Amino acid sequence: MAQPRAPGSASDEVRAVTAPLAKISTADGQPNLESFPSSLEYELDCKNNPTDFADKDVYGGKLAQIHLESIAELESMVEQGEYFINYIYSYRSISKAASKITSTEETKMDIAKTTYEIMGPEVDLFNNFKDYCSEAVRILTRHVNQLALPEKKRDKATPETVVEWVIRLMDVLLILDELKKTKSALNNDFSAYRRAFQSIRAKGVSVTDNAHEQVHALYMFLGTPAVILNDMKTNFAKVQNSFEVCFMFANHCLEMFEGKKYLLPTEKYAPLRVIPACLFFMDTEDTNIFKKPLVKRVMPERFLKLFKRFPAVPLFGDKTYTPFTILETLPHFDRNDKEYKMDNCLRVPEIVNAYRIANDIGQFRVNYLHYSTHFATTMNTIMDKKNRNQPLHPNDRKRVKNVVRGGLRLLSSWTCRVMEQLAFKYMSPADASSIPADIDPNNEYFAYDRCTKYNYRPEDLDALVETIGMIKSLGGQMKSFEPVFSPVLRDFVYDELQRFTAKSLGDIIQYQINQKNQSLMEMLSQLSFAVSDPLVENAVRMANAASMDKKKKKAKKTDTILPEDLPVRTVPPSHTQLHLVRGTIFCLFSEREEAKMAKSKKDLRKEHIAELQAFYDDSYSYAYLLHFSGTLREVTDLSSLWYREFYLDLTKQVQFPIDKSIPYILTMHVFETRTLEKFEYLFCPMELYNDAAQRAISVVNRQHLFDEIEAEANLCYDELALKMADKVFYHYKQLASWIMLDKKYCQAFDAAKQSIRPPPKAKFNALFEQRHLQVVGRSFDLHHYLSQQLNNMLRENLDKVITHLEASDCTHIVELEMQLENIKLTHKLLSEWFDLDAFDLMFAEANDSLSPKSFLSRIAKHFITEVTTDLISNFVYNSASQRFVRASVIFSGIEIKEGGARVNSRMLYGSRAYAAAFDMIARMYKGFFGIEHVRASLRLIGAFMYPLLIEECTEIVHSCIVNDLTPYVDTMTEAIGQIKLPKAEYGSDGAVGYFEAKLAALVQYPDTQGVVLHAMREVGNVLAFMRLLELAEAFEDRASFIQAFPLVKEVKSGDSETEEEAEGRSRLVRILDALVQDLVAAKASRKLSFNAPALLKDLQFSARRAEKMYALIGKLSSPLLTFYRLLDEIMNSVRDQWVKFAPSNETDTYQNLATSNDFDRLWNALQFIYCMPRSDGSNPDLFGDGVVITGASLVYFLGQYGRFKVQDYCAHILNVIQLAGQPKDPRNERFVDQAKVAVDLSVSTADSIRAFIPTPMCLQERPPHMFHPTRENTKVKGQRQRVISLSLQKSGNAPMEPPQ
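Residues numbered from 1 in each chain as written. Predicted model: local features only at pLDDT ≥ 70, side-chain atom pairs only at ≥ 80, totals over all residues. Heavy atoms only, no water.

Undergrad: Whenever I open this one, the overall build of the chain confuses me. Can you help?
TA: Each helix and strand counted, the chain has 56 helices and nine strands in total. Classification of the 1300 residues of the chain by burial places 51% in the buried group. Put simply, 80% of the contacts in the chain that link residues at least 6 apart link residues at least 24 apart. Split by element, the accessible area of the chain, about 62800 Å² in all, is 53% carbon and sulfur. (Helix = DSSP H or I, 4+ residues; strand = E, 2+ residues; numbered from the N terminus. Buried < 20%, exposed > 50% of the residue type's maximum accessible area, 1.4 Å probe, protein only. Contact = heavy atoms within 4.5 Å. Areas by Shrake-Rupley, 256 points an atom, 1.4 Å probe, with all protein chains shown as cover.)

Undergrad: Sorry, what's going on with the side chain of Arg702 here?
TA: Here Arg702 is to be found in the loop between helix H29 (687-700) and helix H30 (703-740). It is Glu122 that comes nearest to the buried, bridge-free Arg702 among opposite-charge side chains, at 5.5 Å. Setting aside residues up to four positions removed in sequence, Arg702 forms contacts with Tyr87, Ser90 and Ala696. (Lys, Arg positive; Asp, Glu negative; His and termini not counted. Salt bridge = Lys/Arg side-chain N within 4 Å of Asp/Glu carboxyl O.)

Undergrad: How do you make sense of the packing of aromatic side chains when you look at a structure like this?
TA: To describe a pair of aromatic rings, one takes the distance between the centres and the angle between the planes. Inspection of the entire model under this criterion finds 54 aromatic pairs. Both rings, one in Tyr83 and one in Phe84, keep their centres 5.3 Å apart while their planes meet at 70°; by these two values the pair is edge-to-face. Ring geometry for Phe929 and Phe1025: centres 6.1 Å apart, planes at 35°, overall tilted. One end of the pair, Phe929, is in strand S7 (residues 928-929); the other, Phe1025, is in helix H43 (residues 1007-1044), with 96 residues separating them in the sequence. What makes Phe1025 buried here is its relative accessible area of 0%. Taken together through their ring pairs, the aromatic side chains of Tyr1124, Trp1163, Tyr1196, Phe1197, Tyr1201, Phe1204 and Phe1252 make up a single cluster. It is Lys183 that lies over the ring of Tyr89; its NZ or CZ is 5.9 Å from the centre. One Lys or Arg, Arg582, reaches over the ring of Tyr616 and ends 4.1 Å from the middle of that ring. (Phe/Tyr/Trp six-rings, centres within 6.5 Å; stacked < 30°, edge-to-face > 60°. Lys NZ or Arg CZ within 6 Å of the ring centre and 35° of its normal.)

Undergrad: Which parts of the structure should I look at to understand the sheet that holds strand S6 (residues 883-886)?
TA: Pairing is antiparallel in the open sheet, where three strands are placed in the order S5-S6-S7. Each of the sheet's edge strands pairs with one partner strand only, and the pair in question is strand S5 (875-878) and S7. Sheet topology note: the S6/S7 ladder contains two bridges and is antiparallel. Considered in S7, the bridge of Val885 is made with Phe928. The sheet strands contacting helix H36 (residues 858-874) are S5, S6 and S7, and the helix crosses S5 at an angle near 75°. (Pairing = 2+ DSSP bridges. Axes fitted to C-alpha atoms, helices over the stretch in contact; angles between N-to-C directions.)

Undergrad: Can you walk me through the packing of helix H40 (residues 946-976) against helix H47 (residues 1119-1133) in this structure?
TA: Relative to each other, H40 and H47 sit at 30°, their axes nearing to 10 Å. Our classification of the angle between H40 and H47 gives roughly parallel. Our pair here, H40 against H47, has a crossing hand that is right-handed. Contacts between H40 and H47 involve Ile950, Cys953, Thr954, Val957, His958 and Ile961 from the first element and Pro1119, Phe1123, Leu1126, Leu1127, Ile1130 and Met1131 from the second. Grouping the amino acids of the contact of H40 with H47 by side-chain chemistry returns 10 nonpolar, two polar and no charged. (Parallel < 35°, antiparallel > 145°, perpendicular 65-115°, else oblique. Left-handed = near helix turned anticlockwise from the far one by under 90°. Nonpolar A, V, L, I, M, F, W, Y, C, P; charged D, E, K, R; others polar.)

Undergrad: It is not clear to me how the pattern of salt bridges should be interpreted in this structure. Could you clarify?
TA: Pairing between side chains of opposite charge can happen when the charged atoms of each approach one another. Following the criterion strictly, the structure yields 46 salt bridges and no others. Taking the shortest distance from any N to any O, the salt bridge between Lys268 and Glu420 comes out at 2.6 Å. Taken together, the residues Lys268 in helix H9 (residues 265-282) and Glu420 in helix H16 (residues 394-427) connect sequence positions 152 residues apart. For the pair Lys268 and Glu420, one class covers both residues: buried. When salt bridges that share partners are traced, they join Arg356, Lys425, Arg457, Glu459 and Asp460 into one network.

Undergrad: Explanation requested: the side chain of Asp449 in the structure shown.
TA: Looking at the element boundaries, Asp449 is found in helix H17 (residues 446-451). With relative accessibility at 1%, the residue Asp449 sits in the buried group. Excluding anything up to four places from it in sequence, Asp449 contacts Asn443, Tyr454, Asn455 and Lys660.

Undergrad: Whenever I open this one, the pairing of S5 confuses me. Can you help?
TA: Two faces belong to every sheet, and in a regular strand the side chains alternate between them. For S5 and S6, the ladder comprises four bridges, and the chain directions are antiparallel. Looking at S6, one finds that Phe875 is bridged to Arg886.

Undergrad: Can you help me understand the environment of Asn241 in this one?
TA: With respect to the helices and strands, Asn241 occurs in the loop between helix H7 (227-237) and helix H8 (242-258). For Asn241 and Asn145, which are 96 residues apart along the polypeptide, the C-alpha to C-alpha distance reads 8.3 Å.

Undergrad: Explain the state of the cysteines to me, please; I cannot follow it from the model alone.
TA: Disulfide: a covalent bond formed between the sulfur atoms of two cysteine residues. Counted according to the given criterion, the structure contains zero disulfides. Cys253 carries a free sulfur, and the closest cysteine sulfur to it, the one in Cys278, is 5.7 Å from it. (Disulfide = S-S within 2.5 Å.)

Undergrad: When you look at the environment of Ala97 in this model, what are you seeing that I'm missing?
TA: In this structure, Ala97 sits in the loop between helix H2 (68-89) and helix H3 (105-148). In this structure Ala97 comes out as exposed when scored by relative accessible area, which is 67%. Sequence separation of Ala97 and Val654 is 557 residues, and the distance between their C-alpha atoms is 9.2 Å.

Undergrad: Is there a simple way to explain the environment of Thr651 in this structure?
TA: Relative to the assigned elements, Thr651 resides in helix H27 (residues 645-651). In this structure the C-alpha to C-alpha distance between Thr651 and Ala447, which are 204 residues apart in sequence, comes to 7.5 Å. Once residues within four sequence positions are removed from consideration, Thr651 is found in contact with Glu444, Ala447 and Phe656. Engagement of the side chain of Thr651 in a polar contact is seen with the backbone oxygen of Tyr647, the distance being 2.6 Å. (Polar contact = N/O pair within 3.5 Å; in protein donor to acceptor, adjacent residues only side chain to side chain.)

Set out below in structure tokens:
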């Protein structure tokens, strides 16, 4: 008994070398969203016959009766016909490409010669096409004649394979006839060639002798519709009994279609095209198949019902075919029967629903999930056994065969449904109701738009994309496991053939020996010899010899025993062997051919016939399984969804725009879907470009088609990737906005009928990880491309929001902070998936703060500019709310910024709803400028930019004081005159009237409000802004201090100080030191099993470093203190011009209060005027509280605050009111209300300044004035007293101001 082959030493050595390599994984772990990429195509076997059965003579004998020669001839003709199908379908008009040249008599001949030479090679191909059709019809007629002969006159048996190849050749001719009939470019180019030929022939140019006859024959061939079909009918009519042969063809096609004896999509539709032609051949003027007696035999009703079920049949590419085209040409077909009208069939709801994939997509999903699970389980089982070096049982190989064949059938059925729906859409264009009203019906692309762009509903597109995804996904799975199951399939075919030969065929041979049927026995023995393996024969012979009983040696043997461990080779049968076996078996059990091979039915048993038929039916798929790569490519080929050559020729267009292409339409539909559930199908339509390119290169063989496909695929991918980057960016913008918004606020926003919903969950992660997408031979790194695009979009977003701020005033700084926070959060979310630049780097780049030459960032520059030019000049300050509001009168004359061009809401927050929600929040901070804006600016531009801001504000204050106020001080103080405080007996109305009368000249002076109060308002605005700046910085320092408190040295109240505090260590450092000491002691006493002090060493060191770093918190300089010092210097520089009275001693300080020309009296007058009501409003509304803040600050820094308080007119009136009661005049009541505010604000301003600068510079460092002695001794004595007084002030012993 032969044993299974054992691995040799060489195999062991190879396995030992390759075993480590097998453990190395080359997978990158990215999700698989495309079919199995194969840059290098390889095939283990060829589906077609590569050798034309050249080895058939080896087997000899009666097997030569099988029509191997006929099959080879038919295969060759079909192959040539497929070449002409591709050629005609992809043919583009040459004459159309030629420009219209205005020719003269001299140039006509040159043009004709050039046209003749250019068109000559193409016309030669036209002639070859005509000759091929004639030869194919002749060969087809010969085979029909052979089949029409009676069985007694036939010298050869006719297997079913020959009939199938005859039908295939007939189908090829029918496709060529349809393409030739509809391809106008052929006739147009030939007409141009014919005109050129006639022109040069008329001029006497020599041509070949039969050129005219060839041109005329070609003219008749191309110009006659259905010439190939009519030629076949004419030739078949000459054959006797051709009716029976055509009837047999029709029945065989119907049996193939209804019995699903096909695997490829092209094989499914061949019967639907051949049956109408057979009926056309059968129904003649003399033969009526629709009436008795032939109607009962032919039963055309069954064919018509089939045509009614499939009114639209795919032909080739975008060219479709309907059986009713030929049926309407039958002489006896009832053309008035509405039931079999094509237009009526296309409107039947049952037929329309049968073509729509959307109606069956649910069952497709179930089949996909079921088969994927079954396939994965089977492959895992096979791989597990191979890894364990366990031999496969025949049942395992059979299971693999069933699974692979089932997968191919499933893929073929889905592909057929896609092609059928496509054909139906081409046959049934969209009606007017489905087309937008603004589309021009006269548009040059309108005919194609009706079939593609406007002919698919959204649910149709969804189902089509999902079906394409399932086809490509399942095809990719099977392709990836081909190295696993291909050897198993070859083992299976070999094993099944050897088992059939040894068992079934052996039993039949033994039975024929017993029956003494010499001729059949010899033929079967030769067949067994042709396909059997000697190794298997020896194993079977030894198994039967061992089991034979000695007592029954002389008995007749009828059953063959097969050993369990039958040897297996990974060597499948050749094409010749497979055809020999199948052809011979068909002739044995077929009722039609049985009489030629066996003398009677008694020559074979029923069980023998059943075994033969079972093997014949099962072996139908062997050729497809052995040629798995090519079969898989054909059952997953969806290239027809891109090809549009028929409509290009129909509409006279060179090419359609990309938005008319079905792959592009499907891709954009998936991209624009709102649910994002099917976003993982985004690249499935891109596989159509790969199929189309593969077909253009390897099947159609047209370079221009490949170039068009490649260009469109690249354009589609670029646009898709760009739009995908936008979609991803805005999705995460919405997600960031949703995270930032308070959820209760969102609910309240929804209650206001403005819906805010969280962004839908999107399956982006599988797309983000795609690094090598294969599209038409190119490998795209989508991850890298998206990273680049998102980097650019983030930079653009930053630039847009900063540009929007630059076109707005300073009140938009809070809105900018929210926008930047949204961008930063978006960047953080995107950084989880993409390799993005650091946000700080991008922000610095957009803010122009990255370059060493950039002194000011864009935000800082804009903010400082707006504060100094707009806020200080055009806003008024309200001390109660601590806010600036824009004044009713614009003083500076600058243009108010309205925000510039509006930024897209999606660019701001991702969508309109989110933008509306954030805009409502931003409105709360618009229209005023307060502490919120200053804190936002502090976080955005940082405290290091405030020295520049303080410097700019100082220049403004210096200009206002020196240039605007100083020239008016002398003039206005002199105009005041002597004013004494009125007595309380006058009453409040009298006191107000008294001061109003005394200050009438100053009130009427135009520059009082136009210049002086305005300048004081600006200075007050600067002071108020500095207060807000100090407060904002205090907030930020307090937050930093709270965070750094554990690392800052503690300061306790009291005089005692512990040893640890004396060392200056913080609480955290002390805790760590104590912990380390305790652990060291525990380690020394061996109570710890690990080195705990070493583990805390780094933490202790880091804590000490952080302590030193944060020790300076709280020691930073104050911006308000800095500005007060600068203002003090300014006032000290103008003191000599503002202060005329210099008291010689403390007692003289409060002299001449009613008559002095110092600024304190001027400010008293200005404060009174400021509080006086106006007919058009009030001064506080016009100038704000900045005037009071300025006046109180200036008199304080001039050292005259005490004099001012003693002579304060407004405070005196308030004191009079306390004694004499409220004024009766309503105008005076308003004055009193404002006076109360001014007095309180003046006091608080002075107190605030005193907290920072207890003593002004003019009182601290007043230099002694040295006077030379004169001849008058009395004057010398007074000067010496003056020097002593000033020296006391310099030493710090100056007299204090009186209490307030």
